[in-house]
Amino acid sequence: MPRLPPDDSSGAIPDFPVAPRTGIVIEQHGGPEALRVRALPPLPPTPDLVRVRVTHVALNHLDLWVRKGVPGHSFDLPRIPGSDVAGVLLDPAGALPVGTAVVLHPSWGCGTCAVCLDGRQDRCKAFRIRGENTDGGCVTELAVPAWQVLAIPPHLAPQEAVALPLTLLTAWHMLVTRARLGRGERVLVQAGGSGVGVMAIQIALIYGCEVHATASTPERRALLEGMGVRAWPYDAIGVREVDVVVESVGEATWAGSIRALAWGGRLVCCGATAGPDVRLNLRAVFFKQLEIVGSTMGSTGELLRAWQEVTQGRIRPVVDRVLPLSRIADAHAILEARGAFGKIVLEQDLSTARPEST
Ligand SMILES: [Zn+2]
């Protein structure tokens, strides 16, 4: 494949070398064909930011929603997708020198409102998720504030570490903060092989919980059992009276989730990959004194706390496969067909991809 011709960089500042960039851009919602390879202008000189050469991006369900659109919700387009990003520092970031392998915080608040100053950025009215409300990591190079950089611990490769931030933060906030997980409780993780599922399982195991999880096929259930949990088909959950259910599926699993809860149980929900319209028998809610709790992302401090579990080796990434970033459309199709156990990671190859003309 031919390399990109140099972009119009005539305004380059000598001590801030600029390079043409290539990225995946969603200009209109649609199928996988909506993911277009585009030549992009170089990063502008922004000395208050640090530049990162992107090496890997991990897919999340959020990427599918940004591409497809969500009824009743508007995304600002065009948008470069990609919430989970790994790369190499091109500028020093605090104590981290040039060349350090890093991942990026996937979300942040305004930093000045009351909830942000309380450390609850996920409730900030200006909350931002990379790749949804701002441009993401499906690009050769980007620039971020230095605080958004997290060093990858030496025992993890970038293609592993990139699988962590968004789902780790989501699962941590669900279980630790929203469901107030207690030591030794019984936990059911619906869709245990999903990105959030494999993180929730590991967090619950750290808490010494008895962990159950669901998956669609014997192969996926065997992988779950290898993580130290009891695995069940969706339609034959063989455990009742669990204290906490982790829900991210919605319509297809909701009834089973409610049935599985013990008196005083908590259902914590972060998504509805199979649809949001569920039936709820209120008798179960009041007789069993259930709590149904919503959860979205988490705070910056929660990710730092969860990252300590990563650096100490107690939480491991689960990577289904690594594909070239130029094959992002194939990756979307696999995720959409629920064909991945854990995360699909995309490896940077856009500098050799041929950008499409408009
Ligand atoms: Zn704020």
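Throughout, residues of each chain are indexed from 1 in the direction in which the sequence is written. Local features in a predicted model are, by the rule used here, given only for residues with pLDDT of at least 70; side-chain atom pairs are given and counted only at 80 or more, and totals for whole chains, interfaces and linings are based on all residues. The side-chain figures draw on all heavy atoms in the structure; neither hydrogens nor water molecules are used.

K.L.:
Quick rundown of the nonpolar core? Include the residues and the values.
P.N.:
Put simply, a nonpolar core is a bunch of buried Ala, Val, Leu, Ile, Met, Phe, Trp, Tyr and Cys residues held in one set by side-chain atoms that sit within 4.5 Å of each other. The buried label applies to any residue whose accessible area, calculated with a 1.4 Å probe on protein chains only, is under 20% of its type's maximum; exposed applies above 50%, and partly exposed to all values in between. Leu168 and Leu224 are the most contacted members of the largest nonpolar core, which totals 91 residues. Two domains each put at least three residues into this core: domain 1 (21–164 + 317–352) and domain 2 (168–294). Residue contacts follow a heavy-atom distance rule, with two residues in contact if any of their heavy atoms lie within 4.5 Å. In contact with Leu168, not counting residues within four places along its chain, are Met199, Ile203, Leu303, Ala306, Trp307, Val310 and Ile315. Core analysis: the next-biggest nonpolar cluster, separate from the first, contains 13 residues, Trp232, Val245, Ile258 and Leu261 among them. Segmentation of the chain into domains, including their bounds, is taken from an automatic or database domain assignment.

K.L.:
Can you lay out the packing of aromatic side chains for me, pointing to particular residues and giving the numbers?
P.N.:
Aromatic rings from Phe, Tyr and Trp, taking only the six-membered ring of Trp, are treated as a pair when their centres fall within 6.5 Å; an angle between ring planes under 30 degrees marks them as stacked, one over 60 as edge-to-face, and anything in between as tilted. The final tally for this structure, using the stated rule, is one aromatic pair. Seen from their ring centres, Phe286 and Phe287 are 5.0 Å apart, and the 50° between their planes marks the pair as tilted. Like Phe286, the residue Phe287 is exposed in the burial classification.

K.L.:
Requested: an account of unusual backbone geometry, with residues and values cited.
P.N.:
Note that the residue after Leu77, namely Pro78, is joined by a cis bond; omega there is 0°. By secondary structure assignment, the location of Pro78 is in the loop between α1 (61–68) and β4 (84–89). Phi is positive for Gln289, which is not a glycine, with a value near 50°. Each helix is a run of H or I in the DSSP string that is no shorter than four residues. Each strand is a run of E no shorter than two, and both are numbered from the N terminus. Mapped onto the elements of the fold, Gln289 is located in the loop between α8 (282–287) and β15 (291–294). Positive phi, normally seen in glycine, also occurs at Met297, with a value near 50°. Within the secondary structure, Met297 is located in the loop between β15 and α9 (300–311).

K.L.:
Any chance you could break down the domain arrangement of the protein for me, citing the residues and the numbers?
P.N.:
What the domain assignment reports for the protein is domain 1 (21–164 + 317–352) and domain 2 (168–294). Once you take the C-alpha centre of each, domain 1 and domain 2 turn out to be 27 Å apart. With 15 residues of domain 1 at the contact, the number on the domain 2 side is 16 residues. Computed with a 1.4 Å rolling probe, the buried area is the accessible surface lost when two parts are put together, summed over both parts. Buried area between domain 1 and domain 2, both sides added, is near 1,100 Å², and the carbon and sulfur share of it is 62%. Looking only at domain 1, the three residues that lose the most surface to domain 2 are Leu164, Arg338 and Phe341, adding up to 47% of its buried area. Criterion for a salt bridge: a side-chain nitrogen of Lys or Arg within 4 Å of a carboxyl oxygen of Asp or Glu. Our count for the contact surface shared by domain 1 and domain 2 stands at zero salt bridges. Whenever two N or O atoms come within 3.5 Å, that pair is a polar contact, provided that in protein one can donate a hydrogen and the other can accept it, and provided that, for residues adjacent in sequence, both atoms are side-chain atoms. For the interface between domain 1 and domain 2, the tally reads four residue pairs in polar contact (both at pLDDT 80 or more). Any residue that is not Ala, Val, Leu, Ile, Met, Phe, Trp, Tyr, Cys, Pro, Asp, Glu, Lys or Arg is counted as polar, Gly included; the first ten are nonpolar and the last four charged. Along the lines of polarity and charge, the residues of the side of domain 1 that touches domain 2 split into seven nonpolar, four polar and four charged.

K.L.:
Please set out the packing of helix α4 (residues 165–178) against α9 residue by residue, giving values where relevant.
P.N.:
When two helices pack together, their arrangement is given by the angle between the helix axes and the distance between those axes. Note on geometry: axes are C-alpha line fits, over the in-contact stretch for helices, and angles between N-to-C directions span 0 to 180 degrees. Between α4 and α9, the least distance of the axes is 9 Å, while the angle of their chain directions is 105°. Compared by their axis directions, α4 and α9 come out roughly perpendicular. Mapping the contact onto sequence places Pro165, Leu168, Leu169, Trp172, His173 and Thr177 in α4 and Glu302, Leu303, Arg305, Ala306, Trp307, Glu309 and Val310 in α9. Among the residues forming the contact of α4 with α9, the class breakdown is eight nonpolar, two polar and three charged. For classification purposes, an angle smaller than 35 degrees is called roughly parallel, one larger than 145 roughly antiparallel, one from 65 to 115 roughly perpendicular, and anything else oblique.

K.L.:
Explain the pattern of salt bridges to me, using residue names and the numbers behind them.
P.N.:
Where side chains of opposite charge bring their charged atoms close, a pairing between them can arise. Enumeration over the complete set of coordinates arrives at 13 salt bridges. One salt bridge connects Arg314 with Glu309, and the closest N-O pair in it is separated by 2.6 Å. Take Glu309: its relative accessible area is 13%, and that puts it in the buried class. Here Arg327 makes a salt bridge to Asp330, at a shortest N to O gap of 2.8 Å. Asp330 gets classed as partly exposed once you look at its relative accessible area, which sits at 36%. Through salt bridges that share partners, Arg67, Lys68 and Glu336 make up one connected network.

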